[in-house]
Amino acid sequence: MKKKLQTVLCVLCVMLSAGLPVSGCSQEQPTEQKQNKAGEETVQELPIHLEEGWTAGDITANGDTAFYLLVKEEPMAQSMQAAKLCAWDLKSGQENVVYEYASDGFYLNELKAADDGVFWVRTEGEQRAVERLDPTTGKVKVIEQYGAEENDILLQSDGKYLTWYCEETASIRGYEIATENLFDVAQQVRVDVPFVRANVIDGICAYAVDQGGKTTIQVYDLAAQKVLQKIPLEGSTALFNIVADRERCLYSYLQEGVMDQRIFVYDYADGKETVVNEDENLYVFSWSYDDGQLFLNERNDNAILVETLDTGARKTLSKEGKHLYVFGSTTPDGNYLALDTADEKVPVLTWFQMP
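Residues numbered from 1 in each chain as written. Predicted model: local features only at pLDDT ≥ 70, side-chain atom pairs only at ≥ 80, totals over all residues. Heavy atoms only, no water.

## Some words on the overall build of the chain
The condition is simple: Helix and strand definitions follow DSSP, with helices as H or I runs of at least four residues and strands as E runs of at least two, each counted in order from the N terminus. Three exposure classes are used, based on accessible area relative to the maximum for each residue type with a 1.4 Å probe and protein chains only: buried under 20%, partly exposed in between, and exposed over 50%. Throughout, a residue-residue contact means that at least one pair of heavy atoms, one from each residue, lies within 4.5 Å. Residue exposure ignores everything except the shown protein chains as possible cover, and the areas themselves are Shrake-Rupley values with a 1.4 Å probe.
Tallying secondary structure elements over the chain gives one helix and 28 strands in all. Taken across its 355 residues, the chain has 52% of its residues classed as buried. Expressed as a percentage of contacts within the chain between residues at least 6 apart in sequence, the contacts between residues at least 24 apart total 40%. Surface accessibility of the chain: about 17000 Å² in total, with carbon and sulfur atoms responsible for 47%.

Given below as structure tokens:
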């Protein structure tokens, strides 16, 4: 059976390298929800018509290509029987399967597209590994392996670096994509919940440490290998999400209502802390930040909002109607990608492109 599977995968790789479409993707032309004037955002949608027994998994995008994972799950188990990674070319509207895998009891998640590769975390057998796929050849390369007992590994990327927390050593690992150099970003970091991400923007990574019984955020430059800012917080404060660039640091405190997050902004220039969403009517399910723009997945109206921090201007990117966005995050080029699961049978891959 193993030999037969390997043969099937080899044939698939040959088909993919020849650029032939493989069945299993949506194959439906994307609809452009908003076609705005130059200098304004556009939104494109791709309905994903799921085959019987398949569900939509993780999503990612970079440049003009978005990727989405289709999975066939093991009944009554948190594992997969099969997975297909589909690529959607924004310009041509073409879709292709760029990777396909089938086995008993594996799991693929944490997709991140960067440079000319797609990264993910594979859990199989007694191993959990960070891997890199070459979409043009279908070849997979292992970056780093862990035992399966390691907590979930959550990847982040700014297009130049890949970062993640390593619970076993209480450290943040970094991977420079161009050079394939693997290194420690920081050690003895504080992680209060197992699903915190080591966010990175333009080579800047922020994280929490304990100093004298108090929580301090350190803003670290990966290229220069030095701490740029230290932000002391009141007491031994637990943090849920931290992200920083070269002008400001944003963070949310861990609280009982984790799915309703207040977002604090610390400006390096004046040392002031402000709250973005003091309005109690704004229910923030998740948020992402890039280049001065804060993207909010707001649950009261089930909408995607964007706020420009320099001006405080806020606008709604999604159209009116029934939505339920998941997997929302910024892409390395400053756009925003989410999966609209309002219709479970036909989820919609939604790409918000910023000017």
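## Quick word on the sheet that holds strand E7 (residues 117–124)
The test is simple: When DSSP finds two or more bridges between a pair of strands, those strands are recorded as paired. Axis definition: a line fit to C-alpha positions, over the contact stretch in the case of helices; interaxial angles, taken between N-to-C directions, run 0 to 180 degrees.
Taken together, seven strands build an open sheet; the order of strands is E3-E4-E5-E6-E7-E8-E9 and the sheet is antiparallel. The sheet is open, and its two edges are formed by strand E3 (55–62) and strand E9 (139–147), each paired on a single side. Recorded for the sheet is a direction-independent mean angle of 15° between the axes of neighbouring strands. Pairing of E3 with strand E4 (residues 65–73), which is carried by six bridges, proceeds in the antiparallel orientation. Bridging from a neighbouring strand, threonine 60 pairs with phenylalanine 67 of E4.

## Notes on the sheet that holds strand E15 (residues 204–211)
Strands sit in the order E14-E15-E16-E17 across an open sheet of four strands; the sheet is antiparallel. Pairing within the sheet leaves two strands with one partner each, and these edge strands are strand E14 (200–201) and strand E17 (226–232). As paired elements, strand E16 (residues 214–221) and E17 share six bridges and run antiparallel to each other. Bridge pairing in E17 links threonine 216 to proline 232.

## Quick word on the environment of threonine 60
Defined as follows: Two N or O atoms form a polar contact when they lie within 3.5 Å of each other; inside protein one atom must be a possible hydrogen donor and the other a possible acceptor, and for residues adjacent in sequence the pair counts only when both atoms belong to side chains.
Residue position: threonine 60 is located in strand E3. C-alpha separation for the pair threonine 60 and phenylalanine 119, spaced 59 residues apart in sequence, amounts to 9.6 Å. With residues up to four places along the chain from it excluded, the contact list for threonine 60 reads Ala66, Phe67, Leu111, Lys112, Ala113 and Leu337. Only 2.8 Å separates the side chain of threonine 60 from the backbone nitrogen of alanine 113, close enough to count as a polar contact.

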